[in-house]
Each structure stands twice: as structure tokens, then as C-alpha cells.
Amino acid sequence: MLIVGLTGGIATGKSTVSAQLRAAGFPVVDADIVAREVVEPGTHTLEALKLAFGPGIIDNGVLNRQLLGERVFNNPAELARLNRIIQPAISSAMSDKINFWRQQQTPILILDVPLLFERGYHQENRVDKIVVVTADEAVQLARLQARDQLDVQQAQARMKSQMPLAEKVAQADYVIDNNGDQAQLTTQVQTLITELKELAPKYDAN
């Protein structure tokens, strides 16, 4: 099974690329969805968060993600505590999903992981190939402001909080440049799909 890590910067269009790959028939394991699943009501992770941060972060049995986010934002110690609880749960759940698709003998699996490099998915052979979706900083900034209704300073702060895109691009096997329109993006994704399908048989034994 060829495992392809898909990542990018904020507002570069990674979700659009992920949706196109899914539409092409590739199964996609989305780390953001997994992160929500591991804190659903009744999970051990949610109970651990409740113990660590207090019952105030739970509303009617459901994690108040915004409140928790405010608690850990600009507080490195609290963020580290959160990550110690939640990251092992996410990693374990991701491994379970990878194993499921391996058992289905799917030829290509996409791992959609916004923090692929930051969380070390590019290490320990967790992914075979890496796709990075990129865009110029000005394009990224404009899209982020429009998408999240942010002013320039807020948008720039979010962009600066991430690993620089250039560092991600430097470690990529495939780069999708999303500075153009939807048609140009789709053309690049179709080329990527063709290349992945050609490459996949080499990974059949994995």
C-alpha cells in the first residue's frame, strides 16, 4: 500500500486537493476528523482532558473546543499539557485507520495531516510520499482573511504560528502550486493522480 502524506500551509487549498483525491476514489484519513473523534463523548481522551483542564471545558457532555483553545492559546505550558493527552490518542487512531485500509488491500491511501512535519509523520516510515500544497504568502493571506473574516494582523499571526511553507516544500516529493484558478489546480491534481497510480504497484507488498 502506497501511503501518501498530504499537507500544506493554512489557506493554501489542501482541503480542496484532499476532496479531489477522495473524488478520484482514493480513501482519505483526515487527521482533523480523527482529532474530533478521539474526544467524542464517552472517550478516555475526553475524560483525561476533563481531569486536566476541569469540567468547565465540557458542555452537555461535549468538549467545548473554542474554550479549550482559548485556554491553551499563547500558553505554552497548557498547550504542551493538551498535546501530551491528545496526540498519542490521535496517533493511535491514525494507525488503526491505516491498518484497516491495509487489510482492505487498497493500493493508495491519502493521509491528510495539516501538521504532518510538526507531528513527525514524515519520520519512522509513516508515509511513503509527501505532497505539499503551496501558495504565495500574499495569496495565502488574502484567502485566510476572506475565509475566516480576519484582519491582516490576525491572519499574519496565524500564518506565522505555522512551520514556514518553504521548509515543507523542501521536503516534498510532489508540490501542488495553488496560486492559480480552480482549473489549474485540478490539472495538477490529475497529473498527481496519474503518477501515484503508476507508482503504487511498487508498494503492493507493504
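Numbering of residues starts from 1 in each chain and follows the order in which that chain's sequence is written. Local features in this predicted model are restricted to residues whose pLDDT is 70 or higher, and side-chain atom pairs enter the listing and the counts only when it is 80 or higher, whereas totals over whole chains, interfaces and linings include all residues. Just so you know, side-chain values use all the structure's heavy atoms and leave hydrogens and water out.

Looking up the chain in an unreviewed UniProt entry gives the name Dephospho-CoA kinase, with the organism given as Leuconostoc lactis. Within the UniProt record for the chain, the comment given under Pathway (unreviewed entry) is "Cofactor biosynthesis; coenzyme A biosynthesis; CoA from (R)-pantothenate: step 5/5." UniProt positions are given in the numbering used here, feature names are shortened, and annotations may be inferred rather than shown by experiment.

> Just to check I follow, could you spell out the pattern of salt bridges for this structure?
Should the charged atoms of two oppositely charged side chains come close, the side chains can pair. The rule for a salt bridge is simple: a side-chain nitrogen of Lys or Arg has to be within 4 Å of a carboxyl oxygen of Asp or Glu. The tally for this structure, following the rule as stated, stands at seven salt bridges. Note that K14 and D112 form a salt bridge whose closest N and O atoms lie 2.6 Å from each other. Note that K14 is positioned in helix 1 (residues 14-23) and D112 in strand 5 (residues 108-112), a separation of 98 residues in sequence. Residue exposure (1.4 Å probe, protein chains only): buried if accessible area is under 20% of the type maximum, exposed if over 50%, otherwise partly exposed. For D112, a relative accessible area of 2% translates into the label buried. The salt bridge partner of K168 is E118, with a shortest N-O separation of 3.6 Å. Residue K168 is found in helix 8 (residues 165-170), and its partner E118 is found in the loop between strand 5 and strand 6 (129-134); the two are separated by 50 residues along the sequence. On the accessibility criterion, E118 (30% relative accessible area) is partly exposed. Secondary structure counts use DSSP, requiring at least four H or I residues in a row for a helix and at least two E residues in a row for a strand, with both numbered from the N terminus.

> Teacher, can you tell me more about the UniProt feature "binding site: ATP" (unreviewed entry) in the chain here?
As recorded in UniProt, the sites labelled "binding site: ATP" (unreviewed entry) are A11, T12, G13, K14, S15 and T16. Lining residues of the largest pocket, restricted to the annotated ones just named, are A11, T12, G13, K14, S15 and T16. Tracing the sequence through the fold places A11 in the loop between strand 1 (2-8) and helix 1. What makes two residues a contact is simply this: any of their non-hydrogen atoms within 4.5 Å. The contact partners of A11, leaving out residues within four places of it in the chain, are Q140, R143, L144 and R147. Secondary-structure assignment places G13 in the loop between strand 1 and helix 1. Those residues in contact with G13 that lie beyond four places of it in its chain are V133 and N178. Think of a 1 Å grid over just the protein atoms. A cavity is a set of points where a 1.4 Å probe fits yet cannot get out, a pocket is an open set with protein on both sides within 12 Å along at least five of seven lines, and lining residues have an atom within 4 Å of a point.

> Could you clarify how one ought to interpret the sheet that holds strand 2 (residues 28-30) in this entry?
Each strand in a sheet pairs with another by means of backbone hydrogen bonds, the pair being arranged parallel or else antiparallel. Taken in spatial order, the five strands make up an open sheet running 2-5-1-6-7, and their pairing is parallel. Since the sheet does not close on itself, it has two edges, and those belong to strand 2 and strand 7 (174-177), each with one partner. Pairs of neighbouring strands in the sheet enclose a mean axial angle of 20°, with direction left out of account. A strand pair is defined by DSSP finding two or more bridges across the two strands. For strand 1 and strand 6, the ladder comprises five bridges, and the chain directions are parallel. For helices, the fitted line uses only the C-alpha atoms of the stretch in contact; every axis is such a line through C-alpha atoms, and the angle between N-to-C directions lies from 0 to 180 degrees.

> Explain unusual backbone geometry here, please?
Negative phi is the rule for most residues except glycine; trans is the rule for most peptide bonds. In this structure, A11 takes a positive phi of about 65° despite not being glycine. By relative accessible area, A11 is classed as buried at 10%. Even without a glycine there, the phi angle at Q149 is positive, about 50°. Mapped onto the elements, Q149 comes out in the loop between helix 6 (137-148) and helix 7 (152-160). The exposed category is assigned to Q149, whose relative accessible area is 65%.

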